[in-house]
Amino acid sequence: QTRNVYVTRDELGEREFAGFSGANDGFADCATDLERVDGTLLYSASWVVTGTLGLAFPSTREAMMSIRDICKDLDILRVTDVNYRPVFWDGNKNAREEILRYIGGTSILKATADEVEFLFGIDRDEAMERPYKVLKTMGPECMGVLITDGAAGVAYSFESHGGVMDSFAVPTVDSTGAGDAFTAGFLYCT
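Residues numbered from 1 in each chain as written. Predicted model: local features only at pLDDT ≥ 70, side-chain atom pairs only at ≥ 80, totals over all residues. Heavy atoms only, no water.

This part takes up the overall build of the chain. Looking only at helices and strands, the chain has six helices and eight strands in total. Along its sequence from the N terminus, the chain presents helices and strands in the succession β-β-β-α-β-α-β-α-α-α-β-β-β-α. Taking all 190 residues of the chain together, the buried fraction comes to 39%. On the chain, roughly 10900 Å² of surface is accessible, and the fraction owed to carbon and sulfur atoms is 52%. (Helix = DSSP H or I, 4+ residues; strand = E, 2+ residues; numbered from the N terminus. Buried < 20%, exposed > 50% of the residue type's maximum accessible area, 1.4 Å probe, protein only. Areas by Shrake-Rupley, 256 points an atom, 1.4 Å probe, with all protein chains shown as cover.)

Given below as structure tokens:
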């Protein structure tokens, strides 16, 4: 099941989620059911990549926590792309705590500079200049962090490697999906 999500864009193509048609539980990311989670499907997985949007909905949160635990039990590397969008949380004041609980133990964290500030209280500019501070906050199970900042590029920290890379200068019409494409490209090259 899916629905219309209204997105606005500024003159640089950066988008903001403005609202929906229908109820806030009528889209695919909130329809994962614990009874449908079959850990045997993960046996041959090298990576499991998730966002955190589903955590806003109790049944999907339960399923995602189960997948997180299966990954830990099977030593599967877990990549989490935060993708925090307040409009999807419908005023849930526990969003930060739920996301932090879920990302604990993730192998690689991908977050925007704004999400890092929201989750960890690390100033967005500080996170881009010193991404190792975010990695240190994540704990020993986390191999690395990718912190994106749109046209400003990406900061990264992986064990003994880190730095900042500029983004490519391309004409932007719509930035929707840019972070997903970045994460997929990164994992493909890994």
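This part is about the sheet that holds strand E4 (residues 77–81). Strand order in the open sheet made by the six strands is E3-E4-E5-E6-E7-E8, with mixed pairing throughout. Two strands in the sheet have a free side with no partner beyond their single neighbour: strand E3 (47–50) and strand E8 (161–165). Here the average twist between neighbouring strands, direction ignored, is 10°. By the bridge criterion, five bridges tie strand E7 (residues 154–158) to E8 in an arrangement that is antiparallel. Each residue of the ladder has a partner; that of Ser-157, found in E8, is Gly-162. On the sheet, helix H2 (residues 95–103) packs against E3, E4 and strand E5 (108–112) and is oriented at approximately 155° with respect to E4. Contacting E5 and strand E6 (144–148), helix H3 (residues 113–120) runs over the sheet at an angle of about 105° to E5. (Pairing = 2+ DSSP bridges. Axes fitted to C-alpha atoms, helices over the stretch in contact; angles between N-to-C directions. Contact = heavy atoms within 4.5 Å.)

In this section: unusual backbone geometry. Positive phi outside glycine occurs at Asp-75, with the angle close to 55°. Along the chain, the position of Asp-75 falls in the loop between helix H1 (58–73) and E4. Of note in the backbone geometry, Glu-159 takes a positive phi value of approximately 40° without being a glycine. Locating Glu-159 in the fold gives a position in the loop between E7 and E8. A residue is classified by how much of its surface remains accessible, and Glu-159, at 68% relative accessible area, is exposed.

It is worth spelling out the packing of aromatic side chains at this point. Taken as a whole, this structure holds two aromatic pairs when the rule is applied. One Lys or Arg, Arg-78, reaches over the ring of Tyr-102 and ends 5.0 Å from the middle of that ring. (Phe/Tyr/Trp six-rings, centres within 6.5 Å; stacked < 30°, edge-to-face > 60°. Lys NZ or Arg CZ within 6 Å of the ring centre and 35° of its normal.)

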